[in-house]
Structure formats: structure tokens, C-alpha cells
Amino acid sequence: MSEENKYILQVKDLHTSFATDAGEVRAVNGVSFNLEPGKTLGIVGESGSGKSVTSYSIMQILAETGKITGGEVLYRGEDISKWNEKQMQKFRGEKCSIIFQDPMTSLNPVFTIGNQLMEAILLHTDKDKKQARERAIEMLTLVGVNEPESRLKQYPHELSGGMRQRVMIAMALVCEPDILIADEPTTALDVTIQAQILELMMELKDKLGMAIIMITHDLGIVASMCDRIAVMYAGRIVETGTCDEIFYNPKHEYTKGLLESIPRLDSTKHEKLIPIEGNPVDLLNPPEGCAFAHRCKNCMKICLRENPPKTDFSETHYAHCFMNQKVCMEGGNTNE
């Protein structure tokens, strides 16, 4: 099987910048990853690490001041970063959809739920109004919205947060896209509704056979639903691997810090949670060496001067951290 057929989406050395009065903000700085059909990739990291900007770059829905300055975004082997707006409009919705963090700001408050759902169907399919209405009811039923026919006549403010998020999922999936990008889809929801939404997304993934990019800062979410994890910091992917590799054998100091700062249910003794000290890096004035160096408890002199090279631990697992180079140079085994 060729590389183009194996992966539905390939992001290669993606760079995205924003022009500001103070200078250029390099929000995405050489991000690369592959997405297989029917699989789920989790992108994790603190706020400001470039997770959302990566997804907006794929969809080409950046703010006016933002632009892709380098790299490729390949959908089924074709570079969509070179596509015109008409081609991208067809891509959005039909091939790739996105669920945003806050459904209240994503849904139009002056149009009914039915109007907004039907608009997406009429825009991307050849269905007429009657068929679009039937499809809207079918999708609302699929995502677990009760009394879907009466919901079509309601406005976003008349629904609860969980119900609005279900409507957003219905809108994203109404054209059965190949790829779904979920940008922190459960941030504004309480824990029980979160679990329902995540379970619903996994059910729909299996039913429709689509691939998912799950963007979150919650490692608990990625543990339960992702096949692979990419850890982002300061616009770069610093480590990537399977769920087991990231959770049981983390190799980057930032990944270790994230894991130490969350409670574990499988712990047999009381362990104190250790937060990551300091603040995220200023992308307007990034440091010369490793972006995490100033917050890293194992920082070495070389970390402040140079960006760490890539160290491979398996076909699926690599990290950018000088600590792994140190282990290699001292004659140790990085896979231990």
C-alpha cells in the first residue's frame, strides 16, 4: 500500500504565522503528523501551544492576520494548502468538519437549529428542502437529541450546553465527512455530559468509519479514545506515539510533567501532584534553544543553545529532547 493510500491526511512541516503590531507570532512551527482512515489522533498540550491553530490551518479558516508560511497539508495525497477558496468550501463539510470549543459562539443566535442544519445539507449535497429536513431530523436523532422535530424550530439559547454540543456534532457529521476535527469539544460541559459526548463521538466514528483529530488539554480524554497521541509545546510536536508509549514510557520532559500533574486512579499510594512550574513560552520572542528549557528541571546548557534533535524509540514513537541524547551518549538504552 502506498503512503498516499495508507493515510487520509498528512501534515508535513507546517508553519503558520500571525502578523501583529509587535511583530510576527510563529504559532505553528514545523508540525508533522499522519492520520489513518478510521483512527483517532489526540493532540494535547497547554493553552497557547498551537493545537487549535494547527486545526484551523488544515481547514484554512485562520484570522485575516494569519497565514500558512510553509509546509504541506495532504488530503489523500493532494496538497490542499494550494487549493482556492471554492475548492476549500467543498472540502469543508464534505470531506472534513470541525467541532469548536464553545457551541454558543459557533451557532448563529438569530437562526433556528433547523435552519442552520438544513443550510449545511443544502450547501454540500444535492438534496431538496424536504429531504434536507428529513436528514436534519435523522442526524439529531443519531446524536441523541430528544424530540428532534420540535428542536428544529428552537433557537440556540433555548437549548442546554450539552444539547447545543450535540447539535454541533450533528452539523459537523451531516455530510458524513472523512475527517472530524474536535477542538476541545467538552470544555464547557459538566463531567457526565462530557462522558456522553465522547461516547457518542466514538460510536459515530465506528458507524461512519471516519478519522478523528481530538484536540484537548485533558490527558484522560485521549487515554480513553485515541489510537495515537501527539504532544505539542510552543508550536511544535515534542513527542508522539501510541497511547501505551506516551502513558507508560514518556520520553520528553514536558510529557512527563503533564503526566505528573494529573491524578491517577491506579495509584496504590497517596502521591502529591507536581505542577509544571513557570509560564508557556512567548511565541513573539521564542528562546534560542529548546522552548521548554526554562521550565525543565533537568535542563542542560545545550538545551538553552540548540533545538533538540529527533530521537526514535520505535516506528511509532519519537521525541525531541536532549535527555534522550544524553542517555545514548552515556551508553544507556533509551527504550528502558
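Use the structure listed above.
This write-up is about the structure you can find in this document. (Residues numbered from 1 in each chain as written. Predicted model: local features only at pLDDT ≥ 70, side-chain atom pairs only at ≥ 80, totals over all residues. Heavy atoms only, no water.)

## Here we look at the sheet that holds strand β7 (residues 179-183)
As a general point, the strands of a sheet are linked pairwise by backbone hydrogen bonds and lie either parallel or antiparallel. Selection rule: Any two strands between which DSSP finds at least two bridges are classified as paired. Think of it this way: any DSSP run of H or I at least four residues long counts as a helix, any run of E at least two long counts as a strand, and we number them from the N terminus. Here an axis means a line fitted to C-alpha atoms, over the contact stretch when the element is a helix, while the angle between two N-to-C directions is reported on a 0 to 180 degree scale.
One open sheet holds the 8 strands; their spatial order is β6-β7-β8-β3-β9-β10-β12-β11, and the pairing between them is mixed. Edge positions in the open sheet fall to β6 (96-99) and β11 (310-312), since each of these has one partner strand only. For this sheet the average axis-to-axis angle between neighbouring strands, irrespective of direction, equals 20 degrees. Note that β6 and β7 share 4 bridges and pair parallel. Paired with Ile99 across the strands is Ala182, a residue of β7.

## Notes on the pairing of strand β10 (residues 236-242)
Put simply, the rule is: For each residue, the accessible area found with a 1.4 Å probe, counting protein chains only, is set against the maximum for its type, and the residue is called buried under 20%, exposed over 50%, and partly exposed in between.
Counting buried residues in β10 gives 5 out of 7 residues, a clear majority hidden from the surface. Pairing between strand β9 (residues 228-233) and β10: 6 bridges, direction antiparallel. Counted as the bridge partner of Ala230 is Thr240 from β10. Taken together, β9 and the strand that follows it, β10, pair antiparallel across an intervening segment of 2 residues, in which Ala234 is found at a positive phi of about 55 degrees. The sheet contact formed by β10 and strand β12 (residues 318-320) spans 2 bridges and is antiparallel. Note on β12: the bridge partner recorded for Thr240 is Tyr318.

## Regarding the packing of helix α5 (residues 113-124) against helix α6 (residues 129-142)
Which entries qualify depends on this criterion: Reported orientations rely on four angle classes, namely roughly parallel under 35 degrees, roughly antiparallel over 145, roughly perpendicular from 65 to 115, and oblique for the rest. Crossings are classed by handedness, with left-handed meaning an anticlockwise turn of the near helix from the far one by less than a right angle and right-handed meaning a clockwise turn. Throughout, a residue-residue contact means that at least one pair of heavy atoms, one from each residue, lies within 4.5 Å.
Between α5 and α6, whose axes approach to 9 Å, the crossing angle comes to 120 degrees. Between α5 and α6, the interaxial angle falls into the category oblique. As for the relative orientation of α5 and α6, their crossing is right-handed in sense. Residues Leu117, Met118, Ile121 and Leu122 of α5 lie in contact with α6, whose contacting residues are Lys129, Ala132, Arg133, Arg135, Ala136 and Leu140.

## Thoughts on the nonpolar core
Condition: We define a nonpolar core as any set of buried Ala, Val, Leu, Ile, Met, Phe, Trp, Tyr and Cys residues linked to one another through side-chain atoms lying within 4.5 Å.
With 96 residues, the main nonpolar core has Leu9, Phe33, Ile169, Ile181, Ile213 and Met214 as its most contacted residues. What Ile213 contacts, discounting residues up to four positions off in sequence, is Leu9, Phe33, Leu35, Leu41, Ile43, Ile58, Leu180, Ile181 and Ala182.

Shape is all these values report; function is a separate question.
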